[in-house]
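Each chain, written out:
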Amino acid sequence: MTSRIRKVVFPVAGLGSRFLPATKSIPKEMLPVVDRPLIDYAVEEARNAGIEHFVFITGRGKGAIEDYFDHAFELETTLGERSKEWALKALSSTQLDHGSASFVRQQQPLGLGHAVWCARDIIGHEAFAVILPDELVLHERGCLAQMVDAWNQKGGNIVAVAEVPEPRVNQYGIVAPAADDGRIVEVKGLVEKPDPATAPSNLAMTGRYILCPEIFKHLQNQRKGAGGEIQLTDAMAATLGDVPFHGVRFDGQRFDCGDKAGYLAANIAYAMRRDDITPRLAELIPDLRTYKP
Ligand code: UTP
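So, a few notes on the structure that sits alongside this text.

Here is what the cut-offs are and how they apply
- Residues numbered from 1 in each chain as written.
- Predicted model: local features only at pLDDT ≥ 70, side-chain atom pairs only at ≥ 80, totals over all residues.
- Heavy atoms only, no water.
- Helix = DSSP H or I, 4+ residues; strand = E, 2+ residues; numbered from the N terminus.
- Rg over C-alpha atoms; globule rule 2.2 N^0.38 Å.
- Buried < 20%, exposed > 50% of the residue type's maximum accessible area, 1.4 Å probe, protein only.
- Near = heavy atom within 4 Å.
- Polar contact = N/O pair within 3.5 Å; in protein donor to acceptor, adjacent residues only side chain to side chain.
- Nonpolar A, V, L, I, M, F, W, Y, C, P; charged D, E, K, R; others polar.
- Expected span 1.5 Å × (residues − 1).
- Phe/Tyr/Trp six-rings, centres within 6.5 Å; stacked < 30°, edge-to-face > 60°.
- Lys NZ or Arg CZ within 6 Å of the ring centre and 35° of its normal.
- Arc of directions from axis to C-beta.
- Contact = heavy atoms within 4.5 Å.
- Salt bridge = Lys/Arg side-chain N within 4 Å of Asp/Glu carboxyl O.

### Regarding the overall build of the protein chain
Part 1: Broken down by element type, the protein chain carries eleven helices and 13 strands.
Part 2: At 19 Å, the protein chain has a C-alpha radius of gyration in line with the 19 Å of a compact globule built from 293 residues.
Part 3: Dimensions of the protein chain, computed from C-alpha atoms along their principal axes, come out at roughly 60 × 45 × 40 Å.
Part 4: Every one of the 293 residues in the protein chain was classed for burial, and the buried ones make up 50%.

In structure tokens:
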């Protein structure tokens, strides 16, 4: 087993039904936040955490994601001929080293756990990261890099956790905490969407994971959980006791871009950090002058 996290899995095969009709012909992960698609932010976050190999779990209608990370000969040649250097520069984040990206087809969207299981042969016997691209975390030091720091300390499984308002715990996977130093919390149990009255905490798992390869043994069962889907949470719960398991309270603001309000809030927050956009935006929407993301 390596002592570094080298590989990341991006499950991008979901239906994106909450964004229909937009996602009828555009993958949800290609929806832009300001001027970059969600998947671009996810790749950047992974790169900044030292990831070397990017595994995309795709499905029908997700070809645009592969094209996005491909060499665009015609476009680049035309931009070059027209001396649009700034536009060529904007493409730099779309270039992945040759051989550093794998695309695996999840033939049916059977759930997040199933999507991760589809990466088993490419991951092999090493710990790996999972990023759900529809969750954005705005911070100078990326959420995954913060989690790798915790993994270097604790090993095992690491999940990103955030406190959510108690009445909303029934929308998340919630951790049952044990020892807690205020940043890293030992996880002794996981409950998917608990009743607020019986929830073990208000610490919710967000869309970032570092997982031991033992997870594949449990995903192999293909057991269906909540919503009739093969759930990653169930497989993670099955590893409790076998591998260390911790949650990290990360620095940064999280946006659930799988949800319309979260997606729009992310667009405003990311635009407000851009000097080329903020003045004009504040002219158009004067109330934004007092908006603090
Ligand atoms: P979500 O449930 O948030 O995404 O799954 P979704 O299914 O695309 O969206 P809605 O709920 O229909 O609007 C979380 C992540 O897991 C991926 C999704 O692409 C998303 O990134 N996923 C989900 C898969 O790759 N395969 C699946 O079978 C299910």
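### Here's the deal with the site of the ligand
Part 1: Every one of the 18 residues lining the ligand counts as a neighbour, but Gly16, Ser17, Arg18, Gln106 and Gly111 are closest to it.
Part 2: Here an oxygen atom of the ligand and a side-chain polar atom of Glu29 are 3.2 Å apart.
Part 3: Contact distances for the ligand include 2.8 Å between an oxygen atom and a backbone N or O atom of Gly111.
Part 4: Residue composition of the shell around the ligand, by class: nine nonpolar, five polar and four charged.

### Some words on helix 7 (residues 143–154)
Part 1: A rise of 1.5 Å per residue sets the reference length of helix 7, with its twelve residues, at 16 Å; its end C-alpha atoms lie 16 Å apart and thus fit the reference within 8%.
Part 2: Among all positions in helix 7, only Cys143, Leu144, Ala145, Gln146, Met147, Val148, Ala150 and Trp151 are buried.
Part 3: Just downstream of helix 7 lies Gly155, where phi reads positive at about 65°.

### Remarks on the environment of Ala90
Part 1: Assignment of secondary structure puts Ala90 in helix 4 (residues 85–90).
Part 2: With a relative accessible area of 55%, Ala90 lands in the exposed category.
Part 3: Ala90 sits 55 residues away from Asp35 along the chain, and the two C-alpha atoms are 9.7 Å apart.

### Points about the packing of aromatic side chains
Part 1: Going through the model one piece at a time under the given rule, you end up with nine aromatic pairs.
Part 2: On the basis of an interplanar angle of 90° and a centroid distance of 5.0 Å, the ring pair of Tyr68 and Phe69 is categorised as edge-to-face. You'll find Tyr68 and Phe69 in the same group, each marked buried.
Part 3: Aromatic side chains Phe255 and Tyr270 sit 6.2 Å apart centroid to centroid with 65° between the ring planes, which places their arrangement in the edge-to-face category. One end of the pair, Phe255, is in strand 13 (residues 253–256); the other, Tyr270, is in helix 10 (residues 260–271), with 15 residues separating them in the sequence.
Part 4: Residue classification places Tyr270 among the buried residues on the basis of a relative accessible area of 11%.
Part 5: Sitting above the plane of the Tyr41 ring, Arg36 keeps its charged end 4.2 Å from the centroid.
Part 6: Positioned above the aromatic ring of Trp117, the side-chain terminus of Arg120 is 3.6 Å from the ring centre.

### Notes on helix 9 (residues 232–239)
Part 1: What helix 9 keeps buried is the set Leu232, Thr233, Ala235, Met236 and Thr239. Buried positions in helix 9, seen along its axis, are confined to an arc of 165° and lie on one side of it.
Part 2: As for helix 9, its buried residues are in contact with helix 5 (112–117), strand 8 (157–163), strand 10 (184–192), strand 11 (203–211), helix 8 (215–219) and strand 12 (245–249).
Part 3: Immediately downstream of helix 9, the backbone of Gly241 shows phi near 95°, a positive value.

### A short note on the side chain of Thr233
Part 1: Structurally, the position occupied by Thr233 is in helix 9.
Part 2: Residue Thr233 is classed as buried on the basis of its relative accessible area, which comes to 10%.
Part 3: Those residues in contact with Thr233 that lie beyond four places of it in its chain are Leu190, Glu192 and Met205.

### Observations concerning the pattern of salt bridges
Part 1: Taken as a whole, this structure holds 19 salt bridges when the rule is applied.
Part 2: The partner of Asp40 in a salt bridge is Arg36, with the nearest N and O atoms 2.8 Å apart.
Part 3: The residue Arg249 makes a salt bridge to Glu163 at a minimum N-O spacing of 3.4 Å. Residue Arg249 is located in strand 12, and its partner Glu163 is located in strand 8; the two are separated by 86 residues in the primary sequence.
Part 4: By relative accessible area, which is 17% here, Arg249 ends up buried.
Part 5: Where salt bridges share partners, they join Arg4, Arg6, Lys7, Glu52 and Glu126 into one cluster.

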